[in-house]
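# Structural features, examined
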Amino acid sequence: LTLFDSNGVQLVTDEDNGRGWCSLIDGTGTAPKDNAAHNLAAGTYYVQVRASNFSQGNAAGQFIYRLVATVRTP
């Protein structure tokens, strides 16, 4: 996963910090895992989802991916 601002500037990227080696970008809490995703101003952001090169080594590299986004007020 890669999070971009409205100008296409990369804010944060992650490949395997989530459960089961899945991607996770977490800007929540007082000590966020990804500081660049914390306390973002209202606006448009983009998320790029792509398969890891590691996962594409064979037919098992194809998988169903679910993206969950949580938006909270400050």
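To keep things clear, this report deals only with the structure shown in the data block. (Residues numbered from 1 in each chain as written. Predicted model: local features only at pLDDT ≥ 70, side-chain atom pairs only at ≥ 80, totals over all residues. Heavy atoms only, no water.)

## Some thoughts on the side chain of Asp34
Here Asp34 shows up in the loop between strand E2 (10–13) and strand E3 (46–48). There is a polar contact of 2.8 Å between the side chain of Asp34 and the backbone nitrogen of Asp26. Those residues in contact with Asp34 that lie beyond four places of it in its chain are Val12, Leu24, Ile25, Asp26 and Gly27. (Helix = DSSP H or I, 4+ residues; strand = E, 2+ residues; numbered from the N terminus. Polar contact = N/O pair within 3.5 Å; in protein donor to acceptor, adjacent residues only side chain to side chain. Contact = heavy atoms within 4.5 Å.)

## Things to note about the environment of Ala42
Relative to the elements of secondary structure, Ala42 occurs in the loop between E2 and E3. For Ala42, a relative accessible area of 84% translates into the label exposed. Sequence separation between Ala42 and Thr73 is 31 residues; the distance between their C-alpha atoms is 9.6 Å. (Buried < 20%, exposed > 50% of the residue type's maximum accessible area, 1.4 Å probe, protein only.)

## Section: the environment of Val47
Among the secondary structure elements, Val47 is positioned in strand E3. The contact partners of Val47, leaving out residues within four places of it in the chain, are Leu1, Thr2, Leu3 and Leu67.

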